[in-house]
Amino acid sequence: MCGLVAVLSKQPTVGFLYKDKTIFLQMLISDMFRGMDSTGSFAVNKHGNLKMIKDASAASFFINKKEASTFYNDFVQDYHIVVGHNRKATMGQVTSENAHPFIEGNICLIHNGTLTNHKKLADTTVDSHAICHHINEHGYKSALKNIEGAYTLIWYDASQKTLFFARNSERPLYLVETNDKVELASEGKMLDWILDRNNISKYQVQNVPTDKVFRFSLESRKLESES
């Protein structure tokens, strides 16, 4: 079991406020209880440029490391998409290299779940890394068609400047969409609690359906889906 969290800005000129950084870091720390082996994040600025950081440490230690502090210092001034992952290792050793996110070509990906056929996707140690490889080489439609096992996926395609996410029935993902933000988390009650304690009002926590692939483009800033 791993945990995923994310915040997306629907405002191309504003990006994030300090409150958004607070919400994200509180989600990342709370999400730690889904996986304490490793923590990682990737962020995208308004131009579509990506940064990534990861380490074999629990979120409460990870965010206080110098490299992570530097990474999150750019949250308000630079980022428009920020995604986080808490790993519970099910395949591969607990190392920083095996932590999420994984990057291959134009694809940066995090995964919650365990596959039973990942060697058919790509010859990697970690099954999540194989998904990243396959999407980069063959596209996400091929990957989702050939995956056997449990998954929730969030990935960014730099060539399209678009974030995607999808899940099957074996792993959860919850969504809140407001006028200016989209928040994602593996646990709906945790997401509700974090937003409520930060005085966010007029929102609804939705269960992400299993029969759709969602996309969020930096150009349109709209959350769209396809079957």
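To keep things clear, this report deals only with the structure shown in the data block. This structure is a prediction, so every number in the text was calculated from the model and none was measured. (Residues numbered from 1 in each chain as written. Predicted model: local features only at pLDDT ≥ 70, side-chain atom pairs only at ≥ 80, totals over all residues. Heavy atoms only, no water.)

**Quick word on the overall build of the chain**
Along the backbone of the chain there are eight helices and 13 strands. For the chain, the C-alpha radius of gyration of 16 Å lies close to 17 Å, the compact-globule estimate for 227 residues. If one aligns the C-alpha atoms of the chain with their principal axes, the spans along those axes are about 45 × 40 × 30 Å. Scored against the burial criterion, the 227 residues of the chain give a buried share of 54%. Excluding contacts between residues fewer than 6 apart, the proportion of contacts in the chain whose partners are at least 24 apart in sequence is 66%. Put simply, the chain shows about 10,100 Å² of open surface, and 46% of that area lies on carbon and sulfur atoms. (Helix = DSSP H or I, 4+ residues; strand = E, 2+ residues; numbered from the N terminus. Rg over C-alpha atoms; globule rule 2.2 N^0.38 Å. Buried < 20%, exposed > 50% of the residue type's maximum accessible area, 1.4 Å probe, protein only. Contact = heavy atoms within 4.5 Å. Areas by Shrake-Rupley, 256 points an atom, 1.4 Å probe, with all protein chains shown as cover.)

**Quick word on helix 6 (residues 127–138)**
Here helix 6 is 12 residues long and its end C-alpha atoms lie 16 Å apart, about the 16 Å a rise of 1.5 Å per residue gives. Buried residues of helix 6: D127, S128, A130, I131, C132, H133, H134 and I135, and no others. Where helix 6 is buried, its residues touch strand 5 (102–104), strand 6 (107–112), helix 5 (118–121), helix 7 (140–146) and strand 7 (152–157). (Expected span 1.5 Å × (residues − 1).)

**A look at the nonpolar core**
Residues F24, M27, Y72, F75 and V82 are the most contacted members of the largest nonpolar core, which totals 27 residues. Sorting the residues of this core by element identifies strand 1 (3–9), helix 1 (18–30), helix 2 (59–62), helix 3 (66–73), strand 4 (79–87) and helix 8 (188–197) as the ones contributing at least two each. In terms of residue count, helix 1 provides more of this core than any other element does, five residues in total. In this structure F75 touches V7, F16, D20, K21, F24 and V82, once residues within four positions along its chain are discounted. Membership of the second largest hydrophobic core comes to 22 residues, among which are I110, L163, V182 and L184. (Core = buried A, V, L, I, M, F, W, Y, C linked by side-chain atoms within 4.5 Å.)

**Quick word on the packing of aromatic side chains**
The description of two aromatic rings rests on the distance between their centres and on the angle between their planes. In the structure shown here, the tally under the stated rule is 11 aromatic pairs. Ring geometry for F24 versus Y72: centroids 6.1 Å apart, planes at 45 degrees, classification tilted. Note that F24 is positioned in helix 1 and Y72 in helix 3, a separation of 48 residues in sequence. When its relative accessible area of 0% is taken as the criterion, F24 is described as buried. Taken together, a centroid distance of 5.3 Å and an interplanar angle of 10 degrees make the contact between W155 and F164 stacked. (Phe/Tyr/Trp six-rings, centres within 6.5 Å; stacked < 30°, edge-to-face > 60°.)

**What to know about the side chain of S9**
Locating S9 in the fold gives a position in strand 1. Separated by 2.9 Å, the side chain of S9 and the backbone oxygen of G15 make a polar contact. Contacts of S9, omitting those with residues within four sequence positions, involve G15, F16, H80, D180, K181, F216 and R221. (Polar contact = N/O pair within 3.5 Å; in protein donor to acceptor, adjacent residues only side chain to side chain.)

**Side note on the packing of helix 1 against helix 8**
Where helix 1 contacts helix 8, the two axes come as close as 10 Å, and the packing angle between them is 145 degrees. When the axes of helix 1 and helix 8 are compared, the crossing they make is right-handed. Facing helix 1, whose interface residues are I23, Q26, M27 and S30, helix 8 presents M190, L191, W193, I194, L195 and R197. For the contact of helix 1 with helix 8, the residue count by class is seven nonpolar, two polar and one charged. (Axes fitted to C-alpha atoms, helices over the stretch in contact; angles between N-to-C directions. Left-handed = near helix turned anticlockwise from the far one by under 90°. Nonpolar A, V, L, I, M, F, W, Y, C, P; charged D, E, K, R; others polar.)

**Quick word on the pairing of strand 8 (residues 162–167)**
Judged by how many residues are buried, strand 8 sits mostly within the fold: six of six residues are covered. On strand 8, burial covers both faces: T162, F164 and A166 on one face and L163, F165 and R167 on the other are all buried. When strand 7 meets strand 8, the two strands line up antiparallel, connected through six bridges. Among the inter-strand pairings, T152 is bridged to a residue of strand 8, identified as R167. Here strand 7 folds back onto strand 8, and the loop between the two strands holds four residues, one of which, K161, carries a positive phi near 50 degrees. Taken together, the four bridges between strand 8 and strand 12 (residues 213–217) define a ladder with antiparallel strand orientation. By the bridge assignment for strand 12, T162 is matched with S217. (Pairing = 2+ DSSP bridges.)

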